[in-house]
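Fold and geometry: a report
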Amino acid sequence: MQLKMSNPITPQAWGIQLSKLWMDCGQGFPIKVDEIAPEVTRVRFPDDPIGLIKAHGIPGIDGMLSKRKSKSDWCISYDETVTVPGRINFTLGHEFGHYLLHRKLREVFQCGQSDMLDYESAESKKLESEANTFASYLLMPINDFRDQIKGQVITLDILGHCADRYGTSFTATALKWIDFTDKAAVLIVARDDFICWSYPSELARKRGVFLPPGTPLPQLALDRLNNANGIKRQNQNRPVPRGTWHSEMEAEEAVILSDNFDQAIFLVQFPAAKRIVEHEEEEEQDSFTYLSNRAQGLNWKK
Ligand SMILES: [Zn+2]
């Protein structure tokens, strides 16, 4: 392994550099955090590498990064009972991100499902968001993702294929696509007929797609859920009229139910949305800032 490179500062740059390193070594997908993290840190940071990755059997704490003073190294541990596919690999990536970006700040990081954690401070939110961003750039390189979906209509099946390829959860994979696509789309997670959180793409944001937590689901979407009859995945992108998800735009909607049916995840796309050129000089809020602002309530790991 060619490991002698400069150390990046941002989560994105770290993720890109290390996923390239993995590819340059002839390794395929998914990128295995439990292999790359110890190897890279042993060479780059010999004074305090990641010495151990193990299951910890503590329910509710998805992942933990802790300093082992006796060994002068760091340990990543994780909840091995998490059953959602891809969650563990993403959690390991998240903890690896804390190690690379934040280990000078604290000696212990305990991380759970972000929508259940009540981060006390803005700083905690920032750290969690950065660790998620690192994991997403490490595990789902955008160039490869673009190749996978080239020329295809985005469906739940295609995103599911990408999730399998990258060893990431469906939600993390869908969020990644939303983050880099130039199309208008929004991912919506709902429970008990209300929106828990939503995440629009850049173009959808510019076209005014805004579905804050607590917004009731549109009636058409509710009808679809009520008629699902135990079908967990409605793969087809179904056209829905304007006024359903946006006052002026027609949409295409697909929905997937969580394993225990308590959450519905909608992927809504607006195929007719166009960039409005004369408004382009509006303040450009880069997606990372947006993501940081929205970190609370956003759960990449599911
Ligand atoms: Zn964390």
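Each value, and the rule that gives it
- Counting starts from 1 at the beginning of each chain's written sequence and moves along it residue by residue.
- Selection of residues for local features in this predicted model requires a pLDDT of at least 70, selection of side-chain atom pairs for listing and counting requires 80 or more, and totals for whole chains, interfaces and linings are taken over all residues.
- Derived side-chain values reflect all non-hydrogen atoms in the structure, with water molecules and hydrogen atoms excluded from consideration.
- Secondary structure elements follow DSSP: runs of H or I no shorter than four residues count as helices, runs of E no shorter than two count as strands, and numbering proceeds from the N terminus.
- Each residue's exposure class comes from its accessible area (1.4 Å probe, protein chains only) as a fraction of the maximum for that residue type: buried when under 20%, exposed when over 50%, partly exposed otherwise.
- Residue contacts are defined here by distance: any two heavy atoms, one from each residue, within 4.5 Å place the two residues in contact.
- Note on areas: Shrake-Rupley, 1.4 Å probe, and residue coverage restricted to the protein chains presented here.
- Any Lys or Arg side-chain nitrogen found within 4 Å of a carboxyl oxygen on Asp or Glu counts as a salt bridge.
- Pairs of strands are assigned from DSSP output, requiring at least two bridges between the strands.
- Interaxial angle, 0 to 180 degrees, is taken between N-to-C directions of lines fitted to C-alpha atoms, where a helix line uses only the stretch in contact.
- In protein, a polar contact means a hydrogen-donor-capable atom and an acceptor-capable atom, both N or O and within 3.5 Å, with residues adjacent in sequence counting only if both atoms are side-chain atoms; elsewhere, any N or O pair within 3.5 Å suffices.
- Helices are assigned an expected span. That span is 1.5 Å times one less than the residue count.
- Buried Ala, Val, Leu, Ile, Met, Phe, Trp, Tyr and Cys residues form a nonpolar core when they are joined through side-chain atoms within 4.5 Å.
- Domain start and stop points were drawn from an automatic or database domain assignment.
- With water omitted from the atoms examined, metal sites may look incomplete; donors here are N, O and S atoms no farther than 2.8 Å from the metal, or 3.2 Å in the case of Na, K and Ca.
- Here is the rule for angles: anything less than 35 degrees is roughly parallel, anything more than 145 is roughly antiparallel, 65 through 115 is roughly perpendicular, and the remaining ranges are oblique.
- Two helices that cross are described as forming a left-handed crossing if the nearer one is turned anticlockwise from the farther one by less than a right angle, and a right-handed crossing if clockwise.
- Put simply, Ala, Val, Leu, Ile, Met, Phe, Trp, Tyr, Cys and Pro go in the nonpolar bin, Asp, Glu, Lys and Arg in the charged bin, and everything else, Gly too, in the polar bin.

So, on to the overall build of the protein. Along the protein, the regular secondary structure elements total 10 helices and nine strands. Among the 302 residues that make up the protein, the fraction classed as buried is 53%. For the protein, the share of sequence-separated contacts (at least 6 apart) that also reach a separation of at least 24 residues comes to 59%. Accessible surface, the protein: about 14,200 Å² in total, of which carbon and sulfur atoms supply 51%.

In this section: the pattern of salt bridges. Two side chains with opposite charge may pair up if their charged atoms get near one another. As enumerated under the stated definition, the model contains 10 salt bridges in all. In this structure, the salt-bridge partner of Glu130 is Lys126, at a minimum N-O distance of 3.1 Å. Here Glu130 pairs with Lys126, and both are found in helix H4 (residues 122-139), just four residues apart, close to one helical turn. Classification of Glu130 as buried rests on a relative accessible area of 13%.

Attention shifts here to the sheet that holds strand S1 (residues 50-55). Taken in spatial order, the four strands of this open sheet run S1-S3-S2-S4, and their pairing is mixed. This sheet does not close on itself; its edge strands, each paired only once, are S1 and strand S4 (108-111). This sheet shows a mean twist of 15° between the axes of neighbouring strands, independent of strand direction.

Okay, the side chain of Gln148 next. Along the chain, Gln148 falls in helix H5 (residues 142-149). Separated by 2.8 Å, the side chains of Gln148 and His161 make a polar contact. In contact with Gln148, not counting residues within four places along its chain, are His161, Cys162, Arg165 and Tyr166.

Here we come to helix H3 (residues 87-102). Think of an α-helix as turning once every 3.6 residues; residues three or four places apart then point the same way. The end-to-end C-alpha distance of H3, which contains 16 residues, comes to 21 Å, matching closely the 22 Å that a straight helix rising 1.5 Å per residue would cover. For H3, the buried fraction is high: 15 of the 16 residues fall into the buried class.

Turning our eyes to something else, we now look at the nonpolar core. Leu18, Phe96, Leu100, Phe145 and Trp177 are the most contacted members of the largest nonpolar core, which totals 53 residues. The element contributing the most residues to this core is helix H7 (residues 170-180), with seven residues. Here this core gathers at least three residues from each of two domains, domain 1 (11-139) and domain 2 (142-293). Contact partners of Phe96, with chain neighbours within four places excluded, come to Leu18, Val33, Ile36, Ala37, Thr41, Ile50, Ile76, Phe134 and Leu138. The next biggest cluster of nonpolar side chains, apart from the first, holds 24 residues, and it includes Val186, Leu211, Ala221 and Ala264.

A word on the coordination of the zinc ion. Only His94 (NE2), His98 (NE2), Cys111 (SG), Glu128 (OE) and Glu128 (OE) from the protein coordinate the zinc ion, and they sit 2.0 to 2.7 Å from it. Counting gaps between the donor residues of the zinc ion yields the pattern H-x3-H-x12-C-x16-E. Taken together, the residues His98 in helix H3 and Cys111 in strand S4 connect sequence positions 13 residues apart. Of the two residues examined, His98 and Cys111, each falls in the buried class.

A separate point is the pairing of strand S9 (residues 264-269). Counting buried residues along S9, six of its six residues qualify, which places the element largely inside the surrounding structure. Every second residue of S9 is oriented toward a common face, with Ala264, Phe266 and Val268 on one face and Ile265, Leu267 and Gln269 on the other, all of them buried. The sheet contact formed by strand S5 (residues 185-191) and S9 spans six bridges and is antiparallel. Paired with Ala190 across the two strands is Ala264, which belongs to S9. In this sheet, S9 lies alongside strand S8 (residues 251-257) in antiparallel orientation, the contact comprising six bridges. Bridging from a neighbouring strand, Glu253 pairs with Val268 of S9.

As a packed pair, helix H1 (residues 11-24) and H4 sit with axes 7 Å apart at the nearest point and diverge in direction by 25°. On the basis of their axis angle, the class for H1 and H4 is roughly parallel. Two packed elements cross with a definite hand, and for H1 against H4 that hand is right-handed. Of the residues in H4, those in contact with Pro11, Gln12, Trp14, Gly15, Ile16, Leu18 and Ser19 of H1 are Glu130, Thr133, Phe134, Tyr137 and Leu138. Within the contact of H1 with H4, the residues separate by chemical class into seven nonpolar, four polar and one charged.

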